[in-house]
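Residues per chain are reported as follows:
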Amino acid sequence: MCYDKTRKKPVVKHRRNMRNRANMKSNANQANRNKSIKKILGVLVFTVAVAATLTGMMLQTTAAQGATSYYGYITGVEKQATAYTMLGKVNAARQSASVGALKWDATLETAAVTRAKEAAIYFSHTRPTGAAWYTVCTKLNAENLYVGYKASATTANNAWMESSGHRANRLNSTYKSYAAAAFQGKDGAVYWVEVFSKTASESAAYRGMDASKTNLPVKMTDGYLSVKGHLTDTAGVKVDTNAMRVGGSYYLTLKNWNKQFTYSYTLFSKGYFASANTAIATIDRVTGKITPVRAGVVKFWARTSTASDKILSFWEVIRPQRVTGFTATAKVHVVSMKWNPIPGANGYEVYRANTATGTYTKVASVSASTTSYTHNGLSTGATYYYKVRAYVVKSGETTRYPGYCSVPVKVTVQ
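Keep in mind it's a predicted model, so treat the numbers as computed, not measured.

S.K.: Hey, could you run me through the overall build of the protein chain in this one?
M.R.: Of regular secondary structure, the protein chain possesses five helices and 29 strands. Within the protein chain, contacts between residues separated by at least 24 positions form 67% of all contacts whose residues are at least 6 apart in sequence. Looking at the protein chain as shown, the accessible area adds up to about 18800 Å², and 50% of this sits on carbon and sulfur atoms.

S.K.: Would you mind showing me how to read the sheet that holds strand β22 (residues 327-331) here?
M.R.: In a beta sheet, neighbouring strands pair by backbone hydrogen bonds and run either parallel or antiparallel. Strand order across the open sheet formed by three strands is β22-β23-β26, with antiparallel pairing between neighbours. The open sheet has two edge strands with one neighbour each: β22 and β26 (372-375). Between one strand axis and the next, the sheet turns through 15 degrees on average, direction left out of account. Bridge analysis of β22 against strand β23 (residues 334-338) gives five bridges, and the strand direction is antiparallel. Residue pairing for β23: T329 is matched across the bridge by S336.

S.K.: For this particular structure, what's the right way to read the pattern of salt bridges?
M.R.: Close approach of charged atoms lets side chains of opposite charge pair. Here the structure, examined in full by the defined rule, presents eleven salt bridges. A salt bridge links R170 to E194; the shortest N-O distance between them is 2.7 Å. Separated by 24 residues along the polypeptide, R170 in helix α5 (residues 164-170) and E194 in strand β11 (residues 189-197) bring together distant segments of the chain. With respect to burial, R170 and E194 carry one shared label: buried. With a closest N to O distance of 3.0 Å, R400 and E349 form a salt bridge. You can see R400 sitting in strand β28 (residues 400-402) and its partner E349 sitting in strand β24 (residues 347-353), a full 51 residues away along the chain.

S.K.: Got a minute to help me understand empty space enclosed by the protein in this structure?
M.R.: By rolling a water-sized probe across the atoms, one finds the places where empty space is left. Under the defined criterion, the tally for this structure stands at four cavities of 30 Å³ or more. Of the voids in this model, the largest cavity is the one considered here, and its volume is about 80 Å³. Contributing to the lining of the largest cavity are Y70, D222, L225, S226, V227, L254, A302, R303, T304, S308, K310 and L312.

S.K.: Before we go on, may I ask you to explain the side chain of T266 in this structure?
M.R.: Residue placement: T266 occurs in strand β16 (residues 265-267). A polar atom in the side chain of T266 sits 2.8 Å from the backbone oxygen of A120. Those residues in contact with T266 that sit more than four places away from it in its chain are I74, A120, I121, L254, K255 and N256.

Reading guide: rules and limits
Residues numbered from 1 in each chain as written. Predicted model: local features only at pLDDT ≥ 70, side-chain atom pairs only at ≥ 80, totals over all residues. Heavy atoms only, no water. Helix = DSSP H or I, 4+ residues; strand = E, 2+ residues; numbered from the N terminus. Contact = heavy atoms within 4.5 Å. Areas by Shrake-Rupley, 256 points an atom, 1.4 Å probe, with all protein chains shown as cover. Pairing = 2+ DSSP bridges. Axes fitted to C-alpha atoms, helices over the stretch in contact; angles between N-to-C directions. Salt bridge = Lys/Arg side-chain N within 4 Å of Asp/Glu carboxyl O. Buried < 20%, exposed > 50% of the residue type's maximum accessible area, 1.4 Å probe, protein only. 1 Å grid on protein atoms, 1.4 Å probe; cavity = no way out; pocket = protein on both sides within 12 Å on 5 of 7 lines; lining within 4 Å. Points joined across faces, edges and corners; volume = space filled by probe spheres on them. Polar contact = N/O pair within 3.5 Å; in protein donor to acceptor, adjacent residues only side chain to side chain.

Put into structure tokens, the structure is as follows:
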């Protein structure tokens, strides 16, 4: 399934290779085509379906030359109790079509569970290592995929039945065994997979539970990923870039945005992190917890695995803490100020207002080596409020990233 950006709706593609293996990609249904991407109260609602069939000889599909496959670890919900209900739905459709019932197969379920997690990484019949879908299990003859926001078994079932490619797989009279799987990522997208085999079921045992899990291993290759960093506070609330401050605690997590379904992401439950300057901020190697030490600009490195060939880098500003020790002394037509230095600051800004809660106007900027300022030429008897804040700048930039201002000090000019 791919999207035509000019038409904003799914494009159906059918492809058959010379050895009689069909790779069919079809949409869920005509009614949902124009509704496939909606935004309701800030939540993406999406509908996509994909079908594939394998007949005759298998053609080997391998990862790109030079690519390194490794296990990444993701978090989400394996919904196998929910997925098992799909067996009744597909058999009801087969009964209506006078086709023999399918039997659940434990080996196929293992394959389906693997493929559901893989689809969350890369929504395609190509696995996130570059291998073909059928390499997950030698018993496979067909596969259907579907993804939807909080998509239920009924939603996926209806989408598959209303698509000719998927329905053909489900009603194929030569298939004897079956399994389904559903995996829900942190963003609410549920990836559905059902697989079919011409081989009779060897074991009807099923997992039978829905469970939230972390550190789920998925084999992948960097070329099929689109990983970005995500900064949060300890409560999981997103923190804007360049907004970390000394005294706070933060987490850098890694998200993979699905290249084949770019509205959805999967959260990595493990990463491998490092700080280029631990004097400014440290970061836990595995959890990604950041502890700012002092103001400054620091570079973090991150990888989804120690075996990953791709190293991500993030430049982050650690904003200065609040200036302390600020005093202001009035003399004749002059106010003299001083404050304690802030380690890592690139400079200071002095502000003045006519009232404590009034609008403060910057009256001076001084270098990092200066921790005092004298304001001259003031009118006798005038009352002012002063405060100061430190700031940092990134190399090659002019934007200043300030810390919190000091507590205002009231003075009356002599």
